[in-house]
Amino acid sequence: MEPARTASPSCGQSPTPDAMAFQTFSDGAAAGYENSEIPAAAPAAPAPEAAAGVGEFAEDDTVPVPAPPQDVKEMVRNALVSTQALVVSSYKGLRSWREFGDKSKFNAPTKMEAFSRAKINLVYFKSNYSVLILLLGVWTILSNLAFTISMCVTALAWKIYLGLSDNGKRSVILPGGRALSPLEGYSGLSLTTLLLFYITGGSSTIFWLIASAMIVILGHATMREAAATATELALETLSATGEPVPTNWV
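Keep in mind that this is a model prediction, so the values were computed, not measured.

**Quick word on the overall build of the chain**
Counting its secondary structure elements, the chain contains 9 helices and 2 strands. For the chain, the N- to C-terminal ordering of α and β elements is α-α-α-α-α-α-β-β-α-α-α. Within the chain, buried positions represent 19% of all 250 residues. For the chain, restricting intrachain contacts to residue pairs at least 6 apart in sequence, the fraction spanning at least 24 positions comes to 73%.

Okay, structure coming up:
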């Protein structure tokens, strides 16, 4: 017995429902594929902007490139100008050195006289005492060059660091690329300053300067007779400041 053959639809024969459904599905899929559009590729991400130039950073960058340090010559010039202004202001009220060192005016005072003399002489000869302190400071610098050089170096280091870190408000990038935080900067400079101060004998140098200044100034102020009376000194002070003098003082 021959196997059953599947009858294919002839030209005059209508297709079966299953064949019609398959044909409809095939035609729809083909039409959908032909009419479908290939999705456009996603736009490429915009290229990052060019690297910022030297000295430029993003707004959220917390470690900017430090500004160049102040010129050393400018710092020295400013220090000399300040010293000159101090000397000039002290020289304006400078008394005669002959009067300052008049031997006939020196004698041993009593306790009450020592206090009253010092009260007047410290005001009357204040400019002369300022010059003496300045001379003692110069002598201290020349007698201990190691201390002077080390303190100048540390002062310059502090000046540069504070300029680079905006007074400790931001980190500083070291030559190797490492960021130095404000805490590390302050700690390192403080320890270095204290170490150099100790090694170069800074405590003894400062103590000698203060002690010698006090001995010279207080010794002169108490041993010398009062250069003026309290009323004369007050009148001179009022005249120098331009304030009116009370009529009962004249």
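Now that the structure has been shown, the text picks up again.
**A few points about the nonpolar core**
With 11 residues, the main nonpolar core is built from Phe100, Ala118, Ile120, Tyr124, Phe125, Tyr129, Leu132, Ile217, Ala221, Ala228 and Leu233. Of all the elements in the fold, those that place two or more residues in this core are α4 (111-124), α5 (126-143) and α8 (202-223). Top contributing element to this core by residue count: α4, with 3 residues. Residue contacts for alanine 221: discarding those within four places in its chain leaves Arg117, Ala118, Asn121, Leu122 and Tyr129. In this structure, Tyr161, Leu164, Val172 and Leu180 belong to the second largest nonpolar core, which totals 5 residues.

**Here's the deal with a nonpolar patch on the surface**
A cluster of nonpolar side chains, contributed by Leu134, Val138, Ile141, Leu142, Leu145, Ile149 and Val153, occupies part of the molecular surface with about 620 Å² of accessible area. Going through the elements one at a time, α5 and α6 (145-164) are the ones with two or more residues in the nonpolar patch. When residues in the nonpolar patch are grouped by element, the largest group, 4 residues, is from α5. If you trace the backbone, valine 153 turns up in helix α6.

**Describing α5**
The periodicity of an α-helix, 3.6 residues per turn, causes residues three or four places apart in sequence to face the same way. Taking 1.5 Å of rise per residue, the 18 residues of α5 would be expected to cover 26 Å, and the 26 Å separating its terminal C-alpha atoms lies within 8% of that figure. Looking only at α5, the buried set comprises Ser127, Asn128, Tyr129, Leu132, Leu136, Gly137 and Thr140.

**Focus on the pattern of salt bridges**
Inspection of the entire model under this criterion finds 1 salt bridge. Between arginine 178 and glutamate 184 there is a salt bridge, with its nearest N and O atoms 2.9 Å apart. Accessibility expressed as a relative area gives 45% for arginine 178, which makes it partly exposed. For glutamate 184, a relative accessible area of 34% translates into the label partly exposed.

**Let's talk about the packing of α4 against α8**
For the pair α4 and α8, interaxial distance at closest approach is 7 Å and the crossing angle is 115 degrees. Put simply, α4 runs roughly perpendicular to α8. Between α4 and α8 lies a crossing of right-handed hand. Between α4 and α8, the contacting residues are Ala114, Arg117, Ala118, Asn121 and Leu122 on the first element and Ile217, Ala221, Thr222 and Met223 on the second. When grouped by side-chain class, the residues that make up the contact of α4 with α8 number 6 nonpolar, 2 polar and 1 charged.

**Some remarks on the side chain of asparagine 144**
In this structure, asparagine 144 sits in the loop between α5 and α6. Overall, asparagine 144 belongs to the buried group, its relative accessible area being 15%. Contact partners of asparagine 144, with chain neighbours within four places excluded, come to Thr200, Gly201 and Thr205.

**Section: the packing of aromatic side chains**
Taken as a whole and assessed by the stated rule, the structure comprises 8 aromatic pairs. Ring centres 5.2 Å apart and planes at 80 degrees place the aromatic pair tryptophan 97 and phenylalanine 100 in the edge-to-face group. Of this pair, tryptophan 97 and phenylalanine 100 both sit in helix α3 (residues 97-100), separated by 3 residues, roughly a single helical turn. Among the residues examined, tryptophan 97 registers a relative accessible area of 40% and is labelled partly exposed. With a relative accessible area of 9%, phenylalanine 100 lands in the buried category. Centroid distance tyrosine 161 to tyrosine 186: 5.8 Å. Interplanar angle 80 degrees. Geometry classified as edge-to-face. Remark: tyrosine 186 occurs in helix α7 (residues 182-199) and tyrosine 161 occurs in helix α6; sequence separation between them is 25 residues. Here tyrosine 161 falls in the buried class, since its relative accessible area comes to 7%.

**Observations regarding the environment of arginine 170**
Tracing the sequence through the fold places arginine 170 in the loop between α6 and β1 (172-173). Considered as a pair, arginine 170 and leucine 180 are 10 residues apart in the sequence and their alpha carbons are 8.9 Å apart. At 3.4 Å, the side chain of arginine 170 forms a polar contact with the backbone oxygen of leucine 164.

Basis of the calculations
- Residues numbered from 1 in each chain as written.
- Predicted model: local features only at pLDDT ≥ 70, side-chain atom pairs only at ≥ 80, totals over all residues.
- Heavy atoms only, no water.
- Helix = DSSP H or I, 4+ residues; strand = E, 2+ residues; numbered from the N terminus.
- Buried < 20%, exposed > 50% of the residue type's maximum accessible area, 1.4 Å probe, protein only.
- Contact = heavy atoms within 4.5 Å.
- Core = buried A, V, L, I, M, F, W, Y, C linked by side-chain atoms within 4.5 Å.
- Patch = residues over 30% accessible without salt bridge, like charges linked within 9 Å, V, L, I, M, F, W, Y side chains within 5 Å.
- Areas by Shrake-Rupley, 256 points an atom, 1.4 Å probe, with all protein chains shown as cover.
- Salt bridge = Lys/Arg side-chain N within 4 Å of Asp/Glu carboxyl O.
- Expected span 1.5 Å × (residues − 1).
- Axes fitted to C-alpha atoms, helices over the stretch in contact; angles between N-to-C directions.
- Parallel < 35°, antiparallel > 145°, perpendicular 65-115°, else oblique.
- Left-handed = near helix turned anticlockwise from the far one by under 90°.
- Nonpolar A, V, L, I, M, F, W, Y, C, P; charged D, E, K, R; others polar.
- Phe/Tyr/Trp six-rings, centres within 6.5 Å; stacked < 30°, edge-to-face > 60°.
- Polar contact = N/O pair within 3.5 Å; in protein donor to acceptor, adjacent residues only side chain to side chain.

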